[in-house]
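# Examining the three-dimensional arrangement
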Amino acid sequence: KAHIRLIPSTPGLQDQVYVANVAAVFDEQEHRGSFAVLARFRARGRPGEELAGERFLNDLGFETFHSPYFFEGAADLMALAPGVFVGAVGRTSHEALEWIGKSFGVKIIECELTNPYLYHLDCVLFRVGAGEVALVTSALKTETVKEIEKYCEVIDVPPDAALSGATNCVRIGSEILCDDNSSLLENNNELYEHERSKVRFLESMCNQRGYQLKFFNGSEFLKSGAGLSCMFLKLNDIGY
């Protein structure tokens, strides 16, 4: 089970549902308590979401910091081990990751995303649990994959499964949640096979590791190119 808190909606913020972009929340680092680094958006229409997120996080007791460079929150920055993170360069800038690393004393393994359909870190990486990540290795440089392997076991994700959101999952305890839209597609649709590949991959991964897999219809959010993980912002890492 998880405690779910809702960020109050703000008129005019059409993409506010995608809260994974609003901030990255850090558990205690060295002598600092829990805090959050707020997004700085590139896309028109999204600035302002981070201010609503800031009010929400401040009310929960988090200290918040504004990134001076383009940064898209937890969708582009994930923890691998204590003090070690992976950060995606694409919609998030190299300068933002460098600033976070220096300002808060954490190591960030940068990975450059060049596939236009895999544009956030959560499109290529899902932290299954402590010491395990599902990773689209074909989308990253070999040296980046090797650096990640220093800190955890890597489960390779097939490219076609990745294109359907195989890493856009959410884990809550022993359950892994993901969207599956295959029931809405014709069997001869190219996207149908991507969806089935995703389902097969996740079923195999969960069966081998004892997780319960649950699927949801995410077709409304797919219209914006979003998967389930886009709508969740973890406020702590309890359970990992």
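Residues numbered from 1 in each chain as written. Predicted model: local features only at pLDDT ≥ 70, side-chain atom pairs only at ≥ 80, totals over all residues. Heavy atoms only, no water.

## Observations regarding the sheet that holds strand S9 (residues 153–156)
- Strand order across the open sheet formed by three strands is S7-S8-S9, with mixed pairing between neighbours. If you trace the sheet from one side to the other, it starts and ends with strand S7 (125–129) and S9, each paired once. Each strand axis lies, on average, 30° off the axis of its neighbour in the sheet, ignoring direction.
- Two strands pair when backbone bridges link them, and S7 and strand S8 (residues 132–135) are joined in this way by four bridges, in the antiparallel orientation. For Arg127, the partnering residue across the bridge sits in S8 and is Val133.
- The strands that helix H5 (residues 190–209) touches are S7, S8 and S9; relative to S9, the one it contacts most, it runs at about 145°. (Pairing = 2+ DSSP bridges. Helix = DSSP H or I, 4+ residues; strand = E, 2+ residues; numbered from the N terminus. Axes fitted to C-alpha atoms, helices over the stretch in contact; angles between N-to-C directions. Contact = heavy atoms within 4.5 Å.)

## Concerning the pairing of strand S2 (residues 35–38)
- Neither face of S2 is exposed, since Phe35 and Val37 on one face and Ala36 and Leu38 on the opposite face are all buried.
- As paired strands, strand S1 (residues 23–26) and S2 are joined by four bridges and run antiparallel to one another. The residue of S2 that forms the bridge with Ala24 is Val37.
- Sheet analysis places S2 next to strand S3 (residues 63–66), joined by four bridges and oriented parallel. In the sheet register, Val37 faces S3, and the bridge partner there is Phe65.
- The handedness of the S2 to S3 crossover, carried by helix H1 (residues 49–59), is right-handed. (Buried < 20%, exposed > 50% of the residue type's maximum accessible area, 1.4 Å probe, protein only. Right-handed = clockwise from strand over helix to strand, strands pointing away.)

## Re the environment of Leu125
- Structurally, Leu125 is set in strand S7.
- Separated by 29 residues in the primary sequence, Leu125 and Val154 have C-alpha atoms spaced 9.6 Å apart.
- In this structure Leu125 touches Met78, Val86, Val133, Ala134, Leu135, Ile148 and Thr167, once residues within four positions along its chain are discounted.

## Some details on the nonpolar core
- Counting residues in each nonpolar core, the largest one holds 37 residues, and the members touching the most others are Leu125, Ile148, Phe201 and Met205.
- Take this core: its biggest share by element is four residues, from H5.
- Not counting residues within four places of it along the chain, the set of residues in contact with Met205 comprises Phe126, Val128, Ala134, Ile155 and Ile176.
- With 16 residues, the next largest nonpolar core counts Ala24, Val37, Phe71 and Ile108 among its residues. (Core = buried A, V, L, I, M, F, W, Y, C linked by side-chain atoms within 4.5 Å.)

## Remarks on the pairing of strand S4 (residues 77–81)
- Burial within S4 is extensive, with four of its five residues counted as buried.
- Here S4 runs beside strand S5 (residues 84–89); their pairing, made up of four bridges, is antiparallel. Looking across to S5, one finds that Met78 is bridged to Val86.
- Taking the residues that link successive antiparallel strands as the turn, the S4-S5 hairpin has two residues, and the phi of Gly83 there is positive, at about 80°.

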